[in-house]
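# Structural overview
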There are 2 protein chains.
Amino acid sequence: MTQVYNFSAGPAMMPVEVLRRAEQELCNWNGLGTSVMEISHRGKEFMQVAAQAEQDLRSLLKVPENYKILFCHGGARAQFAAVPLNLLGDNNSADYMDGGYWAHSAINEAQKYCTPNIVDIKTTDDNGLQAIKPMRDWALSDNAAYVHYCPNETIDGIAIDEEPDFGDKIVVADLSSTILSRPIDVSRYGVIYAGAQKNIGPAGITVVIVREDLLGKARQELPSILDYTVLAENDSMFNTPPTFAWYLSGMVFKWLKEQGGLVEMEKRNKAKADLLYSAIDRSDFYRNGVALQNRSRMNVPFQMANPALDPLFLQEAKAIGLVALKGHRVAGGMRASIYNAMSIDGVKALTDFMADFERRHG
Amino acid sequence: MTQVYNFSAGPAMMPVEVLRRAEQELCNWNGLGTSVMEISHRGKEFMQVAAQAEQDLRSLLKVPENYKILFCHGGARAQFAAVPLNLLGDNNSADYMDGGYWAHSAINEAQKYCTPNIVDIKTTDDNGLQAIKPMRDWALSDNAAYVHYCPNETIDGIAIDEEPDFGDKIVVADLSSTILSRPIDVSRYGVIYAGAQKNIGPAGITVVIVREDLLGKARQELPSILDYTVLAENDSMFNTPPTFAWYLSGMVFKWLKEQGGLVEMEKRNKAKADLLYSAIDRSDFYRNGVALQNRSRMNVPFQMANPALDPLFLQEAKAIGLVALKGHRVAGGMRASIYNAMSIDGVKALTDFMADFERRHG
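What you see as residue numbers is a count from 1 along each chain, following the sequence as written. Whichever chain is written first is A, and whichever ligand is written first is 1; the rest continue in order. With the structure being a predicted model, the display of local features is reserved for residues of pLDDT at least 70 and the display and counting of side-chain atom pairs for 80 or more, all residues being used for whole-chain, interface and lining totals. Only hydrogens and water are removed before side-chain values are computed, so all heavy atoms of the structure are retained for them.

## Section: the sheet that holds strand E12 (residues 206-211) of chain B
Residues and elements named next belong to chain B. We count it as follows: Between any two strands, at least two bridges found by DSSP are needed for them to pair. A run of H or I in DSSP counts as a helix once it spans at least four residues, and a run of E counts as a strand once it spans at least two, with each numbered from the N terminus. In this analysis an axis means a line fitted to C-alpha atoms, helices contributing only their contacting stretch, and an angle means the value between N-to-C directions, from 0 to 180 degrees. Pairs of residues are marked as contacts when any of their non-hydrogen atoms sit within 4.5 Å.
What the seven strands build is an open sheet, ordered E2-E12-E11-E10-E7-E3-E4; its pairing is mixed. Edge strands, defined here as strands with exactly one partner in the open sheet, are strand E2 (67-72) and strand E4 (117-120). Recorded for the sheet is a direction-independent mean angle of 15° between the axes of neighbouring strands. Bridge count between strand E11 (residues 191-195) and E12: five bridges; the pairing is antiparallel. Across the sheet, residue Val 191 finds its bridge partner in E12, namely Val 210. Most of the contacts of helix H2 (residues 44-61) go to E2, to which it runs at about 125°, and overall it touches E2 and E12. Sheet strands in contact with helix H4 (residues 101-110) are strand E3 (95-98), E4 and strand E7 (147-149), and its direction is about 145° off that of E3.

## A closer look at the interface of chain A and chain B
Quick note on the threshold: A quick way to say it: buried area is the sum, across both parts, of accessible area lost when two parts are put together, with a 1.4 Å probe. The rule for a salt bridge is simple: a side-chain nitrogen of Lys or Arg has to be within 4 Å of a carboxyl oxygen of Asp or Glu. Counted as a polar contact is a pair of N or O atoms within 3.5 Å, where, for protein atoms, one must be capable of donating a hydrogen and the other of accepting one, and residues adjacent in sequence contribute only when both atoms are in side chains. All residues other than Ala, Val, Leu, Ile, Met, Phe, Trp, Tyr, Cys, Pro, Asp, Glu, Lys and Arg, Gly among them, are scored as polar; the first ten of these are nonpolar and the last four charged.
Contacts between the two partners involve 61 residues from chain A and, on the opposite side, 61 residues from chain B. Roughly 4500 Å² of surface becomes buried between chain A and chain B when both sides are summed, with 59% attributable to carbon and sulfur atoms. The largest contributions to the chain A side of the interface with chain B come from A:Met37, A:Glu38 and A:Lys112, which together make up 13% of the buried area. Counting every contact that joins chain A to chain B gives zero salt bridges. Here chain A is connected to chain B by 21 residue pairs in polar contact (both at pLDDT 80 or more). Secondary structure elements with two or more residues in the side of chain A that touches chain B: helix H1 (16-24), helix H2 (44-61), helix H3 (75-87) and helix H6 (243-259) of chain A. If you tally residues by element for the side of chain A that touches chain B, the top one is H3(A), at five residues. Tallied by class, the residues present in the side of chain A that touches chain B amount to 28 nonpolar, 21 polar and twelve charged.

## What about the relation of the copies chain A and chain B?
Going by this rule: When the copies are superposed, the least-squares fit draws on C-alpha atoms of residues that have pLDDT of at least 70 in both.
Turning chain A through 180° and shifting it by 0.0 Å along the axis lays it on chain B, with an RMSD of 0.0 Å. Here the symmetry operator amounts to a two-fold rotation axis. With an isologous cut-off of 70% or more, the 100% of interface residues of chain A that recur at the interface of chain B puts this contact in the isologous class.

## Some remarks on the side chain of A:Arg219
Residues and elements named next belong to chain A. What counts, and what does not: Each residue's exposure class comes from its accessible area (1.4 Å probe, protein chains only) as a fraction of the maximum for that residue type: buried when under 20%, exposed when over 50%, partly exposed otherwise. Two residue types count as positive, namely Lys and Arg, and two as negative, namely Asp and Glu; His and chain ends fall outside the count.
For Arg 219, the position within the fold is in the loop between strand E12 (206-211) and helix H5 (228-233). One buried charge, Arg 219, has no salt-bridge partner; the nearest side chain with opposite charge is Glu 221, at 4.2 Å. Polar contacts involving the side chain of Arg 219 include one to the main-chain carbonyl oxygen of Gly 89, which spans 2.9 Å. With near-sequence residues (within four places) excluded, Arg 219 lies in contact with Leu 85, Leu 88, Gly 89, Asn 91, Asn 92 and Tyr 113.

## So, unusual backbone geometry
Residues and elements named next belong to chain A. Of note, the amide linkage connecting Gly 10 to Pro 11 takes the cis form, showing an omega dihedral of -5°. Summarising the element assignment, Pro 11 is placed in the loop between strand E1 (5-6) and H1. The residue Leu 180 is not glycine, and still its phi comes out positive at about 70°. Structurally, Leu 180 can be placed in the loop between strand E10 (171-174) and strand E11 (191-195).

## Quick word on the pairing of E12(B)
All names here are of chain B. Taken across its six residues, E12 has six buried, putting it largely inside the fold. Residues Thr 206, Val 208 and Val 210 of E12 are buried on one face, and the alternating residues Val 207, Ile 209 and Arg 211, pointing to the opposite face, are buried as well. Bridge analysis of E2 against E12 gives six bridges, and the strand direction is antiparallel. What sits directly across from Leu 70, in E12, is Val 208.

## A short note on the packing of helix H8 (residues 310-319) of chain B against helix H9 (residues 344-361) of chain B
All names here are of chain B. Selection rule: Oblique is the label for every angle not falling under 35 degrees (roughly parallel), over 145 degrees (roughly antiparallel), or within 65 to 115 degrees (roughly perpendicular). The hand of a helix crossing depends on one turn: near helix anticlockwise from the far one by less than a right angle means left-handed, and clockwise means right-handed.
Relative orientation of the contacting elements H8 and H9 amounts to 135°, with a least axis distance of 11 Å. Judged by the angle between their axes, H8 and H9 are oblique. Between H8 and H9 the crossing geometry is right-handed. Facing H8, whose interface residues are Leu 312, Phe 313, Glu 316 and Ala 317, H9 presents Phe 353, Met 354, Phe 357, Arg 360 and His 361. Taken together, the residues of the contact of H8 with H9 sort by class into six nonpolar, one polar and two charged.

## A few points about the UniProt feature "binding site: pyridoxal 5'-phosphate" (unreviewed entry) in chain A
Residues and elements named next belong to chain A. Short version of the rule: UniProt positions are given in the numbering used here, feature names are shortened, and annotations may be inferred rather than shown by experiment.
Mapped onto the present numbering, the UniProt feature "binding site: pyridoxal 5'-phosphate" (unreviewed entry) falls on Ala 76, Arg 77, Trp 102, Thr 154, Asp 174, Gln 197, Asn 239 and Thr 240. Spatially, the listed residues are scattered: they cover 165 residues, and their C-alpha atoms lie as much as 30.8 Å apart. Tracing the backbone through its elements, the reader meets Thr 154 in the loop between strand E8 (152-153) and strand E9 (158-159). Thr 154 sits in the buried class, given a relative accessible area of 4%. Not counting the four nearest positions on each side in its chain, Thr 154 is found in contact with Trp 102, Ser 177, Lys 198, Asn 299, Arg 335 and Tyr 339.

## Regarding the packing of aromatic side chains
Here is the rule we go by: Two aromatic rings from Phe, Tyr or Trp, using only the six-membered ring of Trp, form a pair when their centres are within 6.5 Å; if the ring planes differ by under 30 degrees the pair is stacked, by over 60 it is edge-to-face, and anything between is tilted. By the criterion adopted, a ring carries a charge over it if an Arg CZ or a Lys NZ lies within 6 Å of its centre and within 35 degrees of its normal.
Applying the stated rule across the entire model yields 33 aromatic pairs over all chains. When the ring of A:Phe313 is compared with that of A:Phe357, the centres are 5.2 Å apart and the planes differ by 80°; the resulting orientation is edge-to-face. Taken as a pair, A:Phe313 in helix H8 (residues 310-319) and A:Phe357 in helix H9 (residues 344-361) lie far apart in primary sequence, 44 residues in all. For the pair A:Phe313 and A:Phe357, one class covers both residues: buried. Where B:Tyr286 meets B:Phe313, the ring centres are 6.1 Å apart and the plane angle is 75°; that geometry is what we call edge-to-face. In this pair, B:Tyr286 is assigned in strand E13 (residues 286-287) and B:Phe313 in helix H8, connecting sequence segments 27 residues apart. In this structure, B:Tyr286 and B:Phe313 share a single accessibility class: buried. An aromatic cluster of at least three residues, connected via ring pairs, comprises A:Phe285, A:Tyr286, A:Phe302, A:Phe313, A:Phe353 and A:Phe357. A:Arg77 extends its terminal NZ or CZ atom over the ring of B:Phe238, reaching a point 4.4 Å from the ring centre.

Dropping the structure here:
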């Protein structure tokens, strides 16, 4: 069959080597005669899978020793509630940077638990392009329990590449769409969380990295399955974890190490994004509405000067194996999500098609 | 290799036909050239998977039209918090039947949100065997928001086979370990919930069946991902659901229909349990400590008169492919979990081994 390149924003493509391995051992894992999804999470075989996954993630992200890594249920949206309920304590306020749809969704949930100081960090540059204010201009308050932001907005393809540097403020970041795409300095954050279904593994598991001194402050009404302290004390096995998703995530971490780790990933992701944005910028046929310094390397939305061509573009692309290119329903146009598992060949196939389409319809 | 029979209490074995099918289409599902775990939950392909799974589950359990079926994150333990936060409203009390470890865990979590009326329903019969009081003797209070109980305790292997009949009281049941093992009358319940990893599918997805008139009463502090009303309004896609687990669950529902549905499952489960309990009762070499009327058909714990033989039993059993027979760490001894996916052949292999072991060591 045709080679398919899947540009889905999430659930997104996974490394083909990982899927092939999962296929080979789906019914007989590790010679046990059962599937890895059929064994107890408390048995020594799965405990090894879990520990190895944590160790590999710690090594990839260079997570300092004073941080716990948790594997949780519920997706990033669960963390929208878990963060305030774990970190607010008696404080009734937190700084929430509003940079787009996902940051805003986190704010909506936080409003159940506190009165967030909402800071609009969206702006436009001199050319009318969407941009994010530099961090030095973020209007943080003095007594907030923490600062929350989302460094990559998947719908508009807007990214904040600066790493936070707010003194002793507790920084919380939703890294669902950028984790593992480049090296970061974990020590600058109090809490990092990320739903798996973009750069980690299948939907249904969420990674939380939390600095140990932030544990033990949970509000009483916090459901135990979202309680970082409970999860940390139980090695993320307070309840039955999503074992198969954990196993697959672990295989992705291993794959990333084999590929050369996050320095190599950053190199590849930059090359892929540069290739795609160049194809967009080459003429006025395609357009991306984000300022250069805030263009996402993970999610690349683009519009055509003639939007009436959108359906034909999507149809022809799909016919040659370039799938899931439709923009988010609130944004329209096209969007190519090019996470770690997308190869440069996939992006090349897309830019070749874009040039060909422009030649025929421009 | 040896045929392996897996008696794990959960994550538990899945129907081999389902795993084989998942293996075949893991890398190329439905001819799309991608895995089912790599596609958007909002695309028409996955929406069909989701809708078909719901429809098959509705048909298997004969769920009345005025009940919503939700596919949730978080496991049954998430429901220990979700139930009070969704159903208590302004009420500060609910009746909680304490019949064992899991019922008790639900009580511990409920105590964050209300003052539960805890009813000890455990008792012993005339022979000193563990038993559960009949429902007519349960001391329910007058003004509780609902009545919560767990009809099957996996650790002690204690089951309540009576179906609830408490007039217009709202009955909430944790069916994690019994759902789909026999027909039930859903209309007797207000809310049914069940973690998937025993009789439904892999760990990481939870089914909630809720009567529509109970929606809309959530407490403000309820995290949205646990809010039945939010989930119902969004067809369980308020956030990215655990798509691969949902797909596998759907295949299990289809398999159950092909096998003859829940009437057939009940017949098979009764036959399997009868065979195993007969093997235990045949002599004093093995022993089960539960009163006849409360013996679980799903989880069969048994002890040997000489517990010093336990390690040898487990080792020899494992060597011939009878795995995961060790009792829960709080109970000791042995336990055979024989959910829907366990065949009568598997139970026969176990009882043959038990007889042989007794012959050699009795």
